[in-house]
Number of protein chains: 4
Amino acid sequence: MRTEVRELKRVRLRKPVLIEGLPGLALVGRLAVGYLVETLGAEKFAELYSPHFPYYVIVDERGRIRLPKGEFYYWRSPDRGPDLMFLIGDSQAQTNRGQYEVASCVLDFARRHGVRTIVTVGGYRTERGGSRVVCASTDEELLRRALEVGAVKSPPGSPIVGIAGLLLGLTAMTDMRAICLLGETRGHLPDPRAAKNVLEVLTGFLGIEVDLSGLEKSIAEARRMEEALVGISMEEIAKRHRRPREEPGRDYIY
Amino acid sequence: MRTEVRELKRVRLRKPVLIEGLPGLALVGRLAVGYLVETLGAEKFAELYSPHFPYYVIVDERGRIRLPKGEFYYWRSPDRGPDLMFLIGDSQAQTNRGQYEVASCVLDFARRHGVRTIVTVGGYRTERGGSRVVCASTDEELLRRALEVGAVKSPPGSPIVGIAGLLLGLTAMTDMRAICLLGETRGHLPDPRAAKNVLEVLTGFLGIEVDLSGLEKSIAEARRMEEALVGISMEEIAKRHRRPREEPGRDYIY
Amino acid sequence: MRTEVRELKRVRLRKPVLIEGLPGLALVGRLAVGYLVETLGAEKFAELYSPHFPYYVIVDERGRIRLPKGEFYYWRSPDRGPDLMFLIGDSQAQTNRGQYEVASCVLDFARRHGVRTIVTVGGYRTERGGSRVVCASTDEELLRRALEVGAVKSPPGSPIVGIAGLLLGLTAMTDMRAICLLGETRGHLPDPRAAKNVLEVLTGFLGIEVDLSGLEKSIAEARRMEEALVGISMEEIAKRHRRPREEPGRDYIY
Amino acid sequence: MRTEVRELKRVRLRKPVLIEGLPGLALVGRLAVGYLVETLGAEKFAELYSPHFPYYVIVDERGRIRLPKGEFYYWRSPDRGPDLMFLIGDSQAQTNRGQYEVASCVLDFARRHGVRTIVTVGGYRTERGGSRVVCASTDEELLRRALEVGAVKSPPGSPIVGIAGLLLGLTAMTDMRAICLLGETRGHLPDPRAAKNVLEVLTGFLGIEVDLSGLEKSIAEARRMEEALVGISMEEIAKRHRRPREEPGRDYIY
């Protein structure tokens, strides 16, 4: 098995923008982009598989199983704006080399569909949380536009780890351009509030209108969970929410 | 050396079902499928080698050594039922990528022998043990049949780690179908009781009759061992039963 | 993506000497060679990318991002001495195999530009610091020349880890020759004094004159920082200055 | 760079037996085979390099450096016995896959030189040391011969880790045959006594006479060192004698 995209459906898109939200810090990207996919009614048209994803499978509600994967969705702009392509999924690659391989594969696929602009979405860890949306880009114009709609510039020197960063780095070597929008978060728990903060910037950036009130329920739940956890150490909390990771020989469910 | 299957003997099988039981959690799969192989008198016809298996060799009773490997056995149904193919062995692959590689290799080999249905067998960790057999599948019909003979559906979201899961995930991308049967176990020690629980479901699932009383001796031994260990922490016990694992530079016996 | 050098500009050099200073122990090599590049006004002409570099990107002062990379600079000798080629950058490769791959790539590139002599620069850890410059080489003559300008011979047996060592090891298998110059350092903090010590030897070795007074400010700052840290354990200090490293699944900023 | 053997000299050997002694547990193999090479005056004729060896280089007494490598020596039997080929060196491969790759490379090289029999030499860890020599083999006859000259059979089940084991496992898949001779050792320190014990068996096995008294000095030194260390925990001792290992990002000497 190689890292590869399997197209489920032939789709031709108009000036598509790719928006990436694979699971990462506090699931900010996954929550934000997953919400867009659902609310806009975007349609799945391709899946990405890789031997660098974790070596487990996931069980759904009906007892059906599937490999970890990335999923590409598309949404056609109703008003001559750019069409949107979304990438969400179960996991990032598990090794250094795998991260480069998956990001390259995503980029190749995007280019084949005429993508010129990529937005990656994720979390930005700060000690005390915060509600800002931090951005960095390969491109002055994208950066300026993000600042106009409320993002703040990432401080210099800070590394952006994982696919949200790598996609930008690899894009910089092509004729495409990319920007990341990172919602501030303490990062211990899934953080739907940070996801909402990013979406406010992202929808402004894309010039689309999306009702974000659907996130309020998740935000309330997350707040209740956090309150229930007062007094429990952050490390313990992080541990409870950690996903199983590749550890050779580690028994989980075989 | 590549990951590859070496056939020891040319065999043509009738509608074979592959049953996988490589060592995993509490050795449930290994114990269950190994018992079937022995009791049915299945015959070995192929071996699987891989540079992703651990870098040690194993000494047998006569001082002979061999590489870690997977072993394929076959058994011809006496009554026009499907023939059975078994996969047991010494180890699973040691890395993320190796797991994908070995599972793909198994699948290719199975397909070449006309396998359409795969059953993977393993353990399912629960805090307090339990005696249920949990199942998940790529296929509605297999799932229904397993539920009919006493299995329960896996809760959604839980990952199934290792080859027992990956084989299902990769099968889902082919025209074959697969199901896993996982015996509940606390997972600290080899658990022949969980193996027997799975076998009760598995034999019903396959429509074969196998005398399972031969497992009682192992079950009694395991119970004695567990009683002897009361008061010793579970972590300590797990440590004592852990197999040597790949650790570059780790001195074992050179 | 493969490990590769991308040339930004066609350059023909005269008997070039390659001087490597990727980040390593106490950043001695990076500080020393970076200072040379800046002070001599060397010009960048190529970049090295690798999937073995860490899977994050770096944000600059303007919010622009880039992949970790190596950078090649050149400087033309004004007086018929050898031209100089410099290699600095963000990181070394993250795995054993990646280290060999990147070092081989550097060597191939150097050879294509007519390099016959390579100098690698780094730190040499000692308990109490020290101000000597330790050298080892693939070549008697280079060694003798380094000793003449103030270096001391490396004690036998001590390993030289990372690209500063590997470049020498791989060079020994070619018709090129190489020497390393390693500044003694305690190694906990970036050490501009060790960098200066190496530069004193290196400029003598190369027969060039460079004003090193520009390093005094960094040295004073480093001394103040060290004084401020008296009483804090060295391990703690090292931890604070450690760069983010590849850890699969580790959340940083996604 | 690939894993490969570089021949320094064309040599044709008569029925050569390969004797492997790369560094492993307590350096038993390295000490034993190194002693044979030296005492018999064997001549080097080939070197093995691999990107799976550690990413450092080694400095010799003259300040010259070299990559970690394996070295092949040969010795011509003066009396129509089999010629001997020796493999010693600096390190074993650092990863699971690397171990398989290096062992396969050694085997290919041995076969090309007409080797039919391989002896691997190493240590066998026991709590209280002991002076026996444990053996295991791919071949009944080799095993019997080793038992005749004083070796004891390895207990079943125990894994033999690293190249001393893998060479046997891979040999079992060819028309060659192999045996390992493992000297009992507590394994914390280099153990020249265990090396001597193995050599007594090995020389009997090969039917050659070698004066082993040259090892007495090392044995006396090791005993003194061990006495000096009484009261220091074994873990501490092991730590002090551990060789630097690949750890991405670990600063040693750059």
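Please refer to the structure higher up on the page.
The structure presented is a predicted model; accordingly, all values stated were derived computationally and were not measured.

Take the overall build of chain A next. The helix and strand tally for chain A stands at 7 helices and 12 strands. The C-alpha radius of gyration computed for chain A amounts to 18 Å, which stays within 12% of the reference 18 Å derived for 254 residues, consistent with globular compactness. With the principal axes as the frame, chain A shows a C-alpha extent of 50 × 40 × 40 Å. Across the 254 residues of chain A, 60% fall into the buried class. Taking all contacts inside chain A whose residues are at least 6 apart in sequence as the whole, residues at least 24 apart take part in 77%. Element-wise, carbon and sulfur atoms account for 46% of the exposed surface of chain A, whose accessible area totals about 10,700 Å². Charge separation in chain A, taken as the distance between the mean sites of 38 positive and 34 negative side-chain charges, equals 3 Å.

Inspection of every chain in the model, using the stated rule, returns 16 aromatic pairs over all chains. Here Phe-45 of chain B and Phe-109 of chain B contribute two aromatic rings whose centre-to-centre distance is 5.8 Å and whose plane-to-plane angle is 35 degrees, an arrangement assigned as tilted. Remark: Phe-109 of chain B occurs in helix α2 (residues 96-112) and Phe-45 of chain B occurs in strand β3 (residues 43-49); sequence separation between them is 64 residues. Positioned above the aromatic ring of Phe-205 of chain C, the side-chain terminus of Arg-145 of chain C is 4.8 Å from the ring centre.

To continue, consider the sheet that holds strand β9 (residues 133-137) of chain B. Residue and element names in this part refer to chain B. Judged by pairing direction, the sheet is mixed, and its 9 strands sit side by side in the order β1-β3-β6-β7-β2-β8-β12-β9-β10 without closing on themselves. Strand pairing shows two members of the sheet lacking a second neighbour, β1 (4-7) and β10 (152-153), which therefore form its edges. Two strands pair when backbone bridges link them, and β9 and β10 are joined in this way by 2 bridges, in the parallel orientation. Following the sheet pairing, Val-134 is matched in β10 by Val-152. Lying on the sheet, α2 is in contact with β1, β2 (17-20), β3, β6 (70-75), β7 (84-89) and β8 (117-125); it crosses β3 at an angle near 145 degrees. Along the sheet, helix α4 (residues 163-171) contacts β2, β8, β9 and β12 (177-185); its crossing angle with β12, the most-contacted strand, is approximately 160 degrees.

Turning our eyes to something else, we now look at the interface of chain A and chain B. One frequently used descriptor of interface size is the decrease in accessible area upon assembly of the parts. Across the boundary between the two partners, chain A contributes 32 residues, which contact 41 residues of chain B. Viewed at the interface, chain B and chain A are joined by 2 salt bridges. With a shortest N-O distance of 3.0 Å, Glu-140 of chain B and Arg-62 of chain A are connected by a salt bridge. Linking chain A to chain B there are 13 residue pairs in polar contact (both at pLDDT 80 or more). Ranked by residues supplied to the side of chain A that touches chain B, first place goes to strand β4 (residues 56-59) of chain A with 4 residues. A per-class count over the side of chain A that touches chain B returns 18 nonpolar, 5 polar and 9 charged. By the bridge criterion, 3 bridges tie β4 of chain A to strand β11 (residues 159-161) of chain B in an arrangement that is antiparallel. In the sheet register, Ile-58 of chain A faces β11 of chain B, and the bridge partner there is Pro-159 of chain B.

By size, the foremost hydrophobic cluster in this structure holds 184 residues, and its most contacted members are Phe-72 of chain A, Phe-72 of chain B, Phe-72 of chain C together with Phe-72 of chain D. Filtering out sequence-adjacent residues up to four positions away, Phe-72 of chain A remains in contact with Val-5, Leu-18, Glu-43, Lys-44, Phe-45, Ala-46, Leu-48, Met-85, Phe-86, Leu-87, Val-106 and Phe-109 of chain A.

If you rotate chain A by 90 degrees and push it 0.0 Å along the axis, it lands on chain C with an RMSD of 0.0 Å. With respect to symmetry, the two chain copies, as superposed, fit the operation of a four-fold axis. No C-alpha of chain A lies nearer the rotation axis than that of Thr-95 of chain A, which sits 7.4 Å from it. Little of the interface of chain A is mirrored in chain C: 5% of its interface residues are interface residues there too.

If you rotate chain A by 90 degrees and push it 0.0 Å along the axis, it lands on chain B with an RMSD of 0.0 Å. Here only 6% of the interface residues in chain A have copies in chain B that are interface residues too; the copies meet through unlike faces.

What follows concerns the interface of chain A and chain C. Facing the 40 residues of chain A at the interface are 31 residues of chain C. Between chain A and chain C, the buried area comes to about 3,200 Å², and carbon and sulfur atoms account for 61% of it. The largest share of the area that chain A buries against chain C comes from Asn-96, Tyr-100 and Val-161 of chain A, three residues that together contribute 22% of it. Where chain A packs against chain C, one counts 2 salt bridges. Linking chain A to chain C there are 13 residue pairs in polar contact (both at pLDDT 80 or more).

Evaluated as defined, the whole model comprises 74 salt bridges over all chains. Lys-9 of chain A is the salt-bridge partner of Glu-43 of chain A, the closest N and O atoms lying 2.5 Å from each other. Within this pair, whereas Glu-43 of chain A is found in strand β3 (residues 43-49), its partner Lys-9 of chain A is found in the loop between β1 (4-7) and β2 (17-20), the two being separated by 34 residues in sequence. On the basis of relative accessible area, Glu-43 of chain A is assigned to the partly exposed category, the value being 38%. We note a salt bridge from Arg-6 of chain D to Glu-4 of chain D, for which the minimum N-O separation is 3.0 Å. Classification of Arg-6 of chain D by relative accessible area gives partly exposed; the value is 33%. Each of Lys-44, Glu-47, Lys-69 and Glu-71 of chain A takes part in a single network of salt bridges with overlapping partners.

Strand pairing in a sheet relies on backbone hydrogen bonds. The paired strands run either parallel or antiparallel. Across the sheet, 3 strands lie side by side as β11(A)-β4(C)-β5(C); this open sheet has antiparallel pairing. Either end of the sheet is taken by a strand with one partner, and the two such strands are β11 (159-161) of chain A together with β5 (65-66) of chain C.

There is a clear gap between chain B and chain C: no contact, and 11 Å between their nearest C-alpha atoms. The two partners chain A and chain D share no contact, and the minimum distance between any of their C-alpha atoms is 11 Å.

This part takes up the packing of helix α1 (residues 28-40) of chain B against helix α5 (residues 192-206) of chain B. Residues and elements named next belong to chain B. Where α1 meets α5, the closest approach of the two axes is 8 Å, and the angle between their N-to-C directions is 55 degrees. Compared by their axis directions, α1 and α5 come out oblique. Here α1 and α5 pass one another in a crossing that is right-handed. Residues Val-28, Leu-31, Ala-32, Tyr-35 and Leu-36 of α1 form the contact with α5, whose participating residues are Pro-192, Ala-194, Ala-195, Val-198, Leu-199 and Leu-202. Here the residues of the contact of α1 with α5 sort into 11 nonpolar, no polar and no charged.

What counts, and at which threshold
Residues numbered from 1 in each chain as written. Chains lettered and ligands numbered in written order. Predicted model: local features only at pLDDT ≥ 70, side-chain atom pairs only at ≥ 80, totals over all residues. Heavy atoms only, no water. Helix = DSSP H or I, 4+ residues; strand = E, 2+ residues; numbered from the N terminus. Rg over C-alpha atoms; globule rule 2.2 N^0.38 Å. Buried < 20%, exposed > 50% of the residue type's maximum accessible area, 1.4 Å probe, protein only. Contact = heavy atoms within 4.5 Å. Areas by Shrake-Rupley, 256 points an atom, 1.4 Å probe, with all protein chains shown as cover. Lys, Arg positive; Asp, Glu negative; His and termini not counted. Charge placed at Lys NZ, Arg CZ, Asp CG, Glu CD. Phe/Tyr/Trp six-rings, centres within 6.5 Å; stacked < 30°, edge-to-face > 60°. Lys NZ or Arg CZ within 6 Å of the ring centre and 35° of its normal. Pairing = 2+ DSSP bridges. Axes fitted to C-alpha atoms, helices over the stretch in contact; angles between N-to-C directions. Salt bridge = Lys/Arg side-chain N within 4 Å of Asp/Glu carboxyl O. Polar contact = N/O pair within 3.5 Å; in protein donor to acceptor, adjacent residues only side chain to side chain. Nonpolar A, V, L, I, M, F, W, Y, C, P; charged D, E, K, R; others polar. Core = buried A, V, L, I, M, F, W, Y, C linked by side-chain atoms within 4.5 Å. Least-squares fit on C-alpha atoms with pLDDT ≥ 70 in both. Buried area = accessible area lost by both parts, 1.4 Å probe. Parallel < 35°, antiparallel > 145°, perpendicular 65-115°, else oblique. Left-handed = near helix turned anticlockwise from the far one by under 90°.

Geometric descriptors of this kind do not, in isolation, establish any biological role.
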